[in-house]
Amino acid sequence: MSAESPGASDRISRWRESFRAWRWQRPFWAGLLSLLAGVPIMYFPYNNVNAGGFTINMSTTAGSASLIIGVLLVVLGLTMWFQPMVRVFAGVATILLGLVSIPVSNIGGFLMGFLLALFGGGMSIAWAPGEAPSARPAEGPGAAPEHDGNGESVPEPAGAGSAPDQEARNGRHRAG
């Protein structure tokens, strides 16, 4: 007998598979980067940084604006996860908030939050939902063997297709 319950590994594998399916249906990495972009933008204006025995206070008069920008970036990251149909709007808003954070929030959280916002927003705009694979085999030369009436496959003739130097499509030849 093993000390590990067989049910636990099944639950973990089912959870991983369901999380993987959930993650592939939305711009997951774009949302994560956008969510992480808000953290340094919110953190630096309100906390002291110790560098080599010196305490550096990064408080600015725009501290409340930094907090608002950071919270909005976190909300936009969550929006990309839970409302993937508004991914383009969320991506554009993330990029704009990242740009606004440069003058308002200590050079965009010392460029960390700014760069994360740019990459996350760009990935959100570029993401497109995948298509479900079709059950039909691919059509075209060499894709799948044809079947005869008995259910057996008929091999493609040896001379089928065109020679590499004679690739022609509708009377036009490929250049290069």
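Since the structure is predicted, the reported quantities are computational estimates derived from the model, not experimental observations. Within each chain, residue numbers correspond to sequence positions counted from 1 in written order. Selection of residues for local features in this predicted model requires a pLDDT of at least 70, selection of side-chain atom pairs for listing and counting requires 80 or more, and totals for whole chains, interfaces and linings are taken over all residues. The basis for every side-chain value is the complete set of heavy atoms in the structure, and neither hydrogens nor water enter the calculation.

Chemist: Just to check I follow, could you spell out the pattern of salt bridges for this structure?
Modeler: A side chain of one charge can pair with a side chain of the opposite charge if their charged atoms are brought near each other. For this analysis, a salt bridge means a side-chain nitrogen from Lys or Arg found within 4 Å of a carboxyl oxygen belonging to Asp or Glu. What the rule picks out here adds up to 1 salt bridge. In this structure, Glu 17 engages Arg 20 in a salt bridge whose closest nitrogen and oxygen atoms are separated by 3.7 Å. In this pair, Glu 17 and Arg 20 both sit in helix H1 (residues 6-24), 3 residues apart, roughly one turn of the helix. Only protein chains enter the accessibility calculation, which uses a 1.4 Å probe. A residue is then buried if its area is under 20% of the maximum for its type, exposed if over 50%, and partly exposed in between. What makes Arg 20 partly exposed here is its relative accessible area of 37%. Each helix is a run of DSSP H or I of at least 4 residues and each strand a run of E of at least 2, with the numbering of both proceeding from the N terminus.

Chemist: Help me understand the UniProt feature "transmembrane region" (unreviewed entry) in the protein chain, please; the structure alone is not making it clear to me.
Modeler: UniProt positions are given in the numbering used here, feature names are shortened, and annotations may be inferred rather than shown by experiment. The UniProt feature table records "transmembrane region" (unreviewed entry) at residues 28-46 and 58-78. In this annotation, residues 28-46 is assigned 84% helix and 0% strand; the end-to-end C-alpha distance for the span is 29 Å.

Chemist: When you look at the packing of aromatic side chains in this model, what are you seeing that I'm missing?
Modeler: Here a ring pair, both rings aromatic, is described through the centre-centre distance and the interplanar angle of the planes. Ring pairs shown here join Phe, Tyr and Trp side chains whose ring centres sit within 6.5 Å, with only the six-membered ring taken for Trp; geometry is labelled stacked below 30 degrees between planes, edge-to-face above 60, and tilted in between. Here the structure, examined in full by the defined rule, presents 9 aromatic pairs. Judged by centre distance (5.6 Å) and plane angle (5°), the ring pair of Trp 15 and Phe 19 falls under stacked. Note that Trp 15 and Phe 19 are positioned in helix H1 at a spacing of 4 residues, about one turn of the helix. On the basis of relative accessibility, which here comes to 28%, the residue Phe 19 falls in the partly exposed class. Plain terms: the ring middles of Trp 81 and Phe 82 are 6.4 Å apart, the flat faces sit at 85° to each other, and that makes the pair edge-to-face. An aromatic cluster is defined as three or more aromatic residues linked by ring pairs; in this entry it consists of Trp 15, Phe 19, Trp 22, Phe 28, Trp 29, Trp 81 and Phe 82.

Chemist: In this structure, what is going on with the packing of helix H3 (residues 63-82) against helix H4 (residues 87-104)? I would like to understand it.
Modeler: Packed helix pairs are specified by the crossing angle of their axes together with the interaxial distance, meaning the distance between the axes. Orientation of H3 relative to H4, taken along the N-to-C sense of each, is 160°, at an axis distance of 10 Å. Here H3 lies roughly antiparallel to H4, going by the angle between them. Pair H3 / H4 crosses with left-handed handedness. Facing Ala 65, Ser 66, Ile 69, Leu 72, Leu 73, Leu 76 and Met 80 of H3, the residues of H4 in contact are Ala 90, Gly 91, Ala 93, Thr 94, Leu 97, Val 100, Ser 101 and Val 104. Only Asp, Glu, Lys and Arg are considered charged in this grouping, and only Ala, Val, Leu, Ile, Met, Phe, Trp, Tyr, Cys and Pro are considered nonpolar; every other residue, Gly among them, is considered polar. Looking at side-chain class alone, the contact of H3 with H4 contains 11 nonpolar, 4 polar and no charged residues. Here the axes come from fitting lines to C-alpha atoms, over the contacting stretch only for helices, and the angles between their N-to-C directions go from 0 to 180 degrees. An angle below 35 degrees is treated as roughly parallel, one above 145 as roughly antiparallel, one from 65 to 115 as roughly perpendicular, and anything else as oblique. Handedness of each helix crossing follows the sense of rotation of the near helix against the far helix: counterclockwise by less than a right angle gives left-handed, clockwise gives right-handed. Note on definitions: a residue-residue contact is assigned when non-hydrogen atoms from the two residues lie within 4.5 Å.

Chemist: Is there a simple way to explain the confidence of the model for the protein chain in this structure?
Modeler: Detailed reading of the predicted model is not advised wherever pLDDT is low. pLDDT runs from 0 to 100 and stands for how confident the predictor is about each residue. Predicted confidence across the protein chain gives a mean pLDDT of 80, with 67% of residues reaching 70 or more. Per-residue pLDDT, averaged within each element of the protein chain, yields its smallest value for strand E5 (residues 168-169) (54) and its largest for helix H6 (residues 112-126) (95).

Chemist: I tried to follow the nonpolar core on my own but got confused; where do I start?
Modeler: For soluble globular proteins, nonpolar side chains are generally found buried alongside one another. Throughout this description, the term nonpolar core refers to a set of buried Ala, Val, Leu, Ile, Met, Phe, Trp, Tyr and Cys residues connected via side-chain atoms within 4.5 Å. Core analysis: the largest hydrophobic core is formed by 11 residues, namely Ala 30, Ala 37, Ile 41, Ile 69, Leu 73, Leu 76, Met 80, Ala 90, Ala 93, Leu 97 and Ala 117. For this core, the elements supplying multiple residues, two or more each, are helix H2 (28-43), H3 and H4. A per-element tally of this core places H3 first, with 4 residues. Apart from residues no more than four positions distant in its own chain, Ala 90 is found in contact with Leu 76 and Met 80.

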